[in-house]
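# Remarks on the overall topology
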Amino acid sequence: MKAELHHKHSEHAEAIELLKKAVELEPDQNDGKRAYLAVALSWAAQDTVQAHFRHMSEEHRELLLNAVSLFEPLEINLPAIQSDHISLEITNNVCAALLLLGEKERARTIVGLSLQRHPLADGLLRIRIGQLAEQNDLSAIRKLTDAHLSELPPILLAQLAEISGNAGELEWHDLVMQEVEAKMHLDKRLEELRAFRALAMSLAGDVEQGLQFARVYVETHPTQMMGQVILAQILQHSGDIETASGEAKKCVGLINDESSRADVIQVAELLYQLKAFVDAVPLYERLVSNPGADTLTWRLLICLLQGDMRAKVRKVLERLSSHVRAQPEFRRIECNLARRTSDWMRMKDLLLLDIAENPDSCDVALGYIGALYQLGESETLKDFLSKDTVFKDSSPENEYEYAKHQIFGGFEQLGMRRIYRLYRNNPSSTKLASYFAALSLMCKNWGALLNAGGANQGSAFELRSGSEVWWVAVEQEGLSAQGGWPEFVETRSPIATALSECQVGDSISISRGFANQTCEIISKTSLIGFAHRKAHEQLKASPLPQGPVWTVSLDSLVNSIKMSNADALKNIQESQMESSIRAYKEARLPLCTLAKGVSVDLISLLVDWKNYNESLMVSSGTPLEINEELNVLKVRSNRYVFDLFTISELVRHDAFDAAVKALGKPLVPASLRAYILQLLHAENSPHTAYRALSRREQIPGIVDPYLGHRKSFLAKLLRVVDMNCELTPVYGPEQLTADQLELSEVLDESNTDIFYLCLERGSVLVSEDFNMRLLAKQVGVKYVLGIQPILMGLRDAGAISDRKYTDAIGRKINDGHYFVNVSARDLLSWANIDRKKVSCLVSTGLKAFQNQHVDFNSVLRVFCEFLVAVSKDSPVVVVARYVELAHASLSSNLQPTGKKVLRQKLGELLQIIYGKGGRKLPVNQRRLFGEFFNKNA
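Residues numbered from 1 in each chain as written. Predicted model: local features only at pLDDT ≥ 70, side-chain atom pairs only at ≥ 80, totals over all residues. Heavy atoms only, no water.

### Description of helix 38 (residues 656–663)
For clarity, the cut-off: For every residue, the accessible area (1.4 Å probe, protein chains only) is compared with the maximum for its type, and the residue is labelled buried under 20%, exposed over 50%, or partly exposed between those bounds. A helix here means a DSSP run of H or I that spans at least four residues, while a strand means a run of E at least two residues long, and both kinds are numbered starting from the N terminus. Contact criterion: two residues are considered in contact whenever any of their non-hydrogen atoms come within 4.5 Å of each other.
Among the residues of helix 38, those classed as buried are Phe656, Ala658, Ala659, Val660 and Leu663. Buried residues along helix 38 sit against helix 36 (623–633), strand 7 (640–642), helix 37 (644–652), helix 40 (710–724) and helix 45 (788–796). Phi turns positive one or two residues past the end of helix 38, at Gly664, with a value near 95°.

In structure tokens, the structure reads:
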């Protein structure tokens, strides 16, 4: 009695404690166990939405397990209960508990047996109907319920109305709704069920009528969620995803603090179906109170992962028990998180568990190969690839990727055999023909693959008799009986036996039809060679391109194929580059966004930049910017995050080691290393290796050790990242703003990680890309800087020489990097490379002063300091040329009055150097300065 009173007052914990004692005192009595099960189930399922998705706390799960165990073995004890009333109650509760615990099949088995005794039991029927609906066995549902519609309670009628509406069975839906209208005319759920008629109409084929019904319904019931959701679903089913997404946003707008969980889950599920994962996250978070092995938790994790909210994914996973995290579906999420964060070691460990459970899964194998490659575990990788694993239900795309790994790993025979099996079993597939031809281009030892063995090992023979030429291919043993080409003969056939010991040039007699025929063997190849010829013929005849290779000529078996993707990519790059560069300039795009848009890697874009006749923004050039960045460097506690542009520039200028000593080990996302590794891998493939648009000119007096040596440069980048950087997986901040969530749409993976890492650790972003620094400030990165302040600091501290500093600045100017801050000291250093000639670097440096945003007084002061110094050791003719260049640059943005003032200032300075009117100079040299002396004489 006390337990019942506690239960009525929702004091479930107290009721459970009393019932536990009752069961302990009378373990053989069903009354105590019945009450214990009922209270445990009521407590665990008090929220119907969470209960539907099996979402409950571990405490509730343990209570249910314990309550169900009291009736074990269920299959024996439940049928043995004599009282129908008690049997029905316990069976209902046990089956409901089993569903909550995830033991769906066992619950359904018990329901199937119990319905014979209780054919119209509400709870049992709901479970059975739900099972049949899941199996899409609508006829079985109707057979079970049509004759009893008038006897069914409202809860079952509501279930049938929803199922029939979702199935588009309009006639059945109307039949059910007749009973619903009769029995539920006072029930508020009736209006929601009426909305399903719109869905039933549209799925039955009348989409327009269904849409019209749904829109009228929504106008009539503007605050009712079901109608809004159904309208969006109809639009989604009709293919109008954009309008459906708009309706889904309206649904989100209807959600408030007072909304029921039923409304919240309806909208969350709608957003999930529309792949609006970011919008669905707060709704699922509202529903998930105790993360566990349930659908709500799984859906939340999927949405978080798809929305790139990695820190939140980690937080939810850490709240799960080790038992739940070990379940395949949750382990797969954790594996995907490891991939997103580039935590390759964790990814490898998780995939090893998956491989043990699913050794024939190509998806798992490909992920494992990728992790091993990133970790540099070459011996383990080779051992794994050396096995000729046959995967189950693997897609052609996955088999192609796996075969590529085998070929690049040195197992060309295995890789080609893998794709041969696939192509042989589907010889009419143009896509597989393309895959086969593409893989053949990747083989370094193609000639060895064409060598034919004996006929019993699989060979193809080209035969000639008179003017007739034909092929005979002897199939290998152990392959599928289906597939193959008409030229194939069985291994044990008479013709295969006759060919088994023959070589090219031999003559043999073979049976063709009803007569023997003497023919000569004019060529012999392996089955791979034969399939290669077939692929060429098929691709040449195909009117539509499929796969990576499609333009074929049969002049040669190997060298005649054009890689269509590469050709198309080159054309696209050339046509898009001009407009993309313009967008880069006008919209201030980060350089990696430009590279992503034109399908060029960042290093290639930097190398080729001079060919695009556009300035690459690395700085604003203002003293304020330089001073702010120098102040950042003074804070000793700062940690720094380097992007690839920064690393490549510091390496190219031989200043990386000095920068690390001064700043400490930089933080670098592991995805950046993966990107460099990807570029190196491409360099080793003849069909993807980078080719420079044109060679950069060598700067007189300045040596660039990596000019024209891309592969060695990439290798150097990889070494410095491995040896001098702190590689780290990146999770990002737990709370992401709307701007931060959009980063992955704008940036590539490694640069998105750069920002996330800065936000996660509160670190300073070091990027030589000025636009990248602007974007960083917009999304909340507090401190940013380029590399020039770092180089300045290193020079002033004596960590790098003055010459090394000016060489670095000179290279950047020569490469079109703008705006690089140039001092008189820099100009003089370039002029001193060869004092008898006008320095091209000084000339380029002076042109940099033409920017309208540059402070005029500052650049005038820089040039004047330079002019005073250079005039001491350089010929007058060189000094005059420098004056001419400076005047042209400084006056480019001045009004006539300003130009007059500039000419006057330069004239005054020249008179200080060479005397009034240039009297210290011979007349012929004085004339070199033209009007500068005449106007100021």
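Don't stop here, the text continues.
### Thoughts on the packing of aromatic side chains
For clarity, the cut-off: Two aromatic rings, drawn from Phe, Tyr or Trp (for Trp, its six-membered ring), form a pair once their centres lie within 6.5 Å of each other, and the interplanar angle then sorts them: stacked below 30 degrees, edge-to-face above 60, tilted otherwise. We call a charge positioned above a ring when the Lys NZ or Arg CZ atom is no farther than 6 Å from the ring centre and deviates by at most 35 degrees from the ring normal.
Enumeration over the complete set of coordinates arrives at 17 aromatic pairs. Ring centres of Tyr914 and Phe929 lie 5.5 Å apart, and the angle between their planes is 45°; on these two criteria the pair is classed as tilted. With Tyr914 in helix 51 (residues 896–914) and Phe929 in the loop between helix 52 (923–926) and helix 53 (931–934), the pair connects residues that are 15 residues apart, well separated along the chain. The residues Tyr914 and Phe929 share a single accessibility class, namely buried. Seen from the ring of Phe71, Lys33 lies directly overhead, with NZ or CZ sitting 5.6 Å from the centre.

### Section: the nonpolar core
As a reminder, the rule being used: Put simply, a nonpolar core is a bunch of buried Ala, Val, Leu, Ile, Met, Phe, Trp, Tyr and Cys residues held in one set by side-chain atoms that sit within 4.5 Å of each other.
Leu591, Ile647, Phe755 and Phe929 are the most contacted members of the largest nonpolar core, which totals 232 residues. In terms of residue count, the dominant contributor to this core is helix 50 (residues 876–890) (nine residues). Beyond its immediate chain neighbours, meaning those up to four positions away, Ile647 contacts Phe642, Phe656, Val668, Leu672, Leu717, Val720 and Val721. Among the nonpolar cores identified, the runner-up in size contains 30 residues, and Tyr435, Trp485, Ala535 and Leu539 belong to it.

### Some thoughts on the environment of Phe642
Within the element layout of this structure, Phe642 appears in strand 7. Here the alpha-carbon distance between Phe642 and Leu667, two residues 25 residues apart in the chain, equals 6.6 Å.

### Some remarks on unusual backbone geometry
Cis geometry marks the peptide bond from Glu72 to Pro73, where omega comes out at -5°. Note that Pro73 resides in the loop between helix 5 (58–69) and helix 6 (74–80). Positive phi is not limited to glycine here, since Asn136 has a value of about 60°. Along the chain, the position of Asn136 falls in the loop between helix 9 (122–134) and helix 10 (138–145). Taking the relative accessible area as the measure of exposure, Asn136 reaches 60% and is therefore exposed. Located in the positive-phi region is Lys275, a residue other than glycine, with phi close to 60°.

### Some thoughts on the side chain of His60
Definition in use: Any N or O atom pair separated by 3.5 Å or less is treated as a polar contact, with the protein-specific requirement of one donor-capable and one acceptor-capable atom, and with residues adjacent in sequence counted only for side-chain atom pairs.
As for its placement among the helices and strands, His60 is situated in helix 5. Taking relative accessible area as the criterion, His60 reaches 12% and is therefore assigned buried. Within the local environment of His60, its side chain forms a polar contact with the side chain of Trp43, the two groups lying 3.2 Å apart. Those residues in contact with His60 that sit more than four places away from it in its chain are Trp43, Ala44 and Gln46.

### Considerations on the environment of Leu414
With respect to the element layout, Leu414 can be found in helix 28 (residues 412–425). Taking C-alpha positions, Leu414 is 63 Å from Lys20, a pair spaced 394 residues apart along the chain. Those residues within four positions of Leu414 in sequence are excluded, and the remaining contacts are Leu385, Ser386, Lys387, Asp388 and Gln406.

### Quick word on the packing of helix 15 (residues 207–220) against helix 16 (residues 225–237)
Pairs of packed helices are described in terms of their axes, by the angle between the two and the distance that separates them. Which entries qualify depends on this criterion: Orientation is described by lines fitted to C-alpha atoms, with helices fitted over the stretch in contact, and by angles between N-to-C directions that extend from 0 to 180 degrees. Under this scheme an angle from 65 to 115 degrees is roughly perpendicular, one under 35 degrees roughly parallel, and one over 145 degrees roughly antiparallel; angles in between are oblique. Left-handed describes a crossing in which the near helix is turned anticlockwise from the far one by less than a right angle; the clockwise case is right-handed. We call Asp, Glu, Lys and Arg charged. Ala, Val, Leu, Ile, Met, Phe, Trp, Tyr, Cys and Pro are nonpolar, and the rest, Gly among them, are polar.
Interaxial distance between helix 15 and helix 16 falls to 9 Å at its minimum, and their mutual angle equals 155°. In this view, helix 15 runs roughly antiparallel relative to helix 16, as classed from their interaxial angle. In terms of crossing hand, the pair formed by helix 15 and helix 16 is left-handed. From helix 15, Val207, Gly210, Leu211, Ala214, Arg215, Tyr217 and Val218 reach across to helix 16, where they touch Gly227, Gln228, Leu231, Ile234 and Leu235. Of the residues that constitute the contact of helix 15 with helix 16, the class distribution is eight nonpolar, three polar and one charged.

### Looking at the state of the cysteines
Inclusion rule: The rule for a disulfide is simple: a pair of cysteine sulfur atoms within 2.5 Å.
Counting across every chain of the model gives zero disulfides. Left unpaired, Cys502 is separated from the closest cysteine sulfur, that of Cys519, by 8.8 Å. Accessibility expressed as a relative area gives 8% for Cys502, which makes it buried. Not part of a disulfide, Cys725 finds its nearest cysteine sulfur in Cys758, a span of 13 Å.

### Describing helix 5
Stated precisely, the cut-off is as follows: Expected helix span is computed as 1.5 Å times (number of residues minus one). This arc describes the spread of directions from the helix axis toward the C-beta atoms.
With 12 residues, helix 5 ought to run about 16 Å at 1.5 Å a step, and its terminal C-alpha atoms sit 16 Å apart, in line with that. Of all the residues in helix 5, the buried ones are His60, Arg61, Leu63, Leu64, Ala67 and Val68. For helix 5, the angular spread of the buried residues around the axis is 165°, confining them to a single face.

### Considering the sheet that holds strand 4 (residues 507–512)
Condition: For two strands to pair, DSSP has to find at least two bridges joining them.
An order of 3-2-1-5-4 is seen for the five strands of this open sheet, with the pairing classed as mixed. At either margin of the open sheet sits one strand with a lone partner, and together these are strand 3 (488–489) and strand 4. In this sheet, strand 3 lies alongside strand 2 (residues 468–474) in parallel orientation, the contact comprising two bridges. Bridge pairing in strand 3 links Ala473 to Phe488. Here helix 32 (residues 527–541) sits on the sheet in contact with strand 1 (459–465), strand 2, strand 3 and strand 5 (515–526), set at roughly 90° to strand 5.

### Structural notes on the confidence of the model for the chain
Let me state the cut-off plainly: Confidence scores per residue from the predictor, reported as pLDDT, run from 0 to 100.
Looking at the chain as a whole, the pLDDT averages 87, with 90% of positions reaching at least 70. Confidence over residues 550–569 falls short of pLDDT 50; this stretch has 38 contacts with residues more than four positions distant or in other chains.

### Brief notes about the packing of helix 14 (residues 196–203) against helix 16
As a packed pair, helix 14 and helix 16 sit with axes 9 Å apart at the nearest point and diverge in direction by 10°. In this view, helix 14 runs roughly parallel relative to helix 16, as classed from their interaxial angle. Along its contact with helix 14, which presents Phe196, Ala198, Leu199, Ser202 and Leu203, the element helix 16 presents Met226, Ile230, Gln233, Ile234 and His237. Classifying every residue of the contact of helix 14 with helix 16 by side-chain character gives seven nonpolar, three polar and no charged.

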